[in-house]
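Structural overview for review
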Amino acid sequence: MKDITKEFKEFVSRGNLIELAVAFVLGITFAALIKAFIDNIVMPIIAIPFGKPNFDSALVITINDAEIRVGAFITVLVTFVAVAAVLFLIVMAYNRFTKRDTTAPASEVDLLTEIRDELRRKND
């Protein structure tokens, strides 16, 4: 039993678990932020030309008392596209701010070879 307790303590005290928990909480709050943005800003803008902030009741097909709610699917599709666009813009901005030099530094052998070649050119 002591081994299990010790292993559990090591597992919990590792940085990876804490980082994962923080990322999970941030992910949940970020999802709420995006949902609020979509519900309160994007969908009302969509309502301007269409008259309603969603299409849930706008397009329902009834066949033999079964409702096919195409409008609800369109609402979710519009929400998905809007979320994807917002996330794309966030990732694009992040990539611009964290752009790193991707060229690898020259090795000592490469530098010595360049020096040798330059010396040969000067002597010729």
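Look above for the structure.
So, how was this worked out
- Residue numbers run consecutively from 1 along every chain, following the written order of its sequence.
- Local features in a predicted model are, by the rule used here, given only for residues with pLDDT of at least 70; side-chain atom pairs are given and counted only at 80 or more, and totals for whole chains, interfaces and linings are based on all residues.
- Hydrogens are left out, water is left out, and the side-chain values use all remaining heavy atoms of the structure.
- By the criteria applied, helices consist of DSSP H or I runs no shorter than four residues and strands consist of E runs no shorter than two, each listed in order from the N terminus.
- The reference for a compact globule is 2.2 Å times residues^0.38; the radius of gyration itself is calculated from the C-alpha atoms.
- Here's how the labels work: a residue is buried when its accessible area is under 20% of the maximum for its type, exposed when over 50%, partly exposed in between, all with a 1.4 Å probe on protein chains only.
- Salt bridges are defined as contacts in which a side-chain nitrogen from Lys or Arg sits within 4 Å of a carboxyl oxygen from Asp or Glu.
- Like charges within 9 Å and nonpolar side chains (Val, Leu, Ile, Met, Phe, Trp, Tyr) within 5 Å are joined into patches, using only residues over 30% in relative accessible area that form no salt bridge.
- Each accessible area value is a Shrake-Rupley result obtained with a 1.4 Å probe; residue values ignore everything except the protein chains displayed when judging cover.

Observations concerning the overall build of the protein chain
Counting its regular elements, the protein chain contains 4 helices and 2 strands. Here the C-alpha radius of gyration of the protein chain, 29 Å, is well above what a compact globule of 124 residues would show, namely 14 Å. Principal-axis analysis of the C-alpha atoms places the extent of the protein chain at approximately 90 × 60 × 30 Å. Of all 124 residues assigned to the protein chain, the portion counted as buried reaches 10%.

Brief notes about the side chain of threonine 75
Note on placement: threonine 75 falls in helix 3 (residues 70–97). The class for threonine 75 is buried, based on a relative accessible area of 11%.

Structural notes on unusual backbone geometry
Even without being a glycine, asparagine 64 presents a positive backbone phi close to 50 degrees. Counting through the fold element by element, asparagine 64 comes out in the loop between strand 1 (61–63) and strand 2 (66–68). One non-glycine residue, aspartate 65, lies in the positive phi region at around 65 degrees. In this structure, aspartate 65 sits in the loop between strand 1 and strand 2. Under the relative-accessibility criterion, aspartate 65 is labelled exposed at 77%.

Some remarks on the pattern of salt bridges
Scanning the entire structure with this criterion turns up 3 salt bridges. A salt bridge links aspartate 117 to arginine 116; the shortest N-O distance between them is 3.1 Å. Assessed through its relative accessible area of 26%, aspartate 117 is described here as partly exposed. The shortest N-O distance in the salt bridge between glutamate 118 and arginine 121 comes to 2.9 Å. One end of the pair, glutamate 118, and the other, arginine 121, are both in helix 4 (residues 108–123), 3 residues apart, so they sit about a helical turn from each other.

A look at a nonpolar patch on the surface
On the surface, Phe30, Leu33, Leu87 and Ile90 cluster together to form a nonpolar patch covering roughly 320 Å² of accessible area. Mapped by element, the contributors of at least two residues to the nonpolar patch are helix 2 (15–50) and helix 3. Tracing the backbone through its elements, the reader meets phenylalanine 30 in helix 2.

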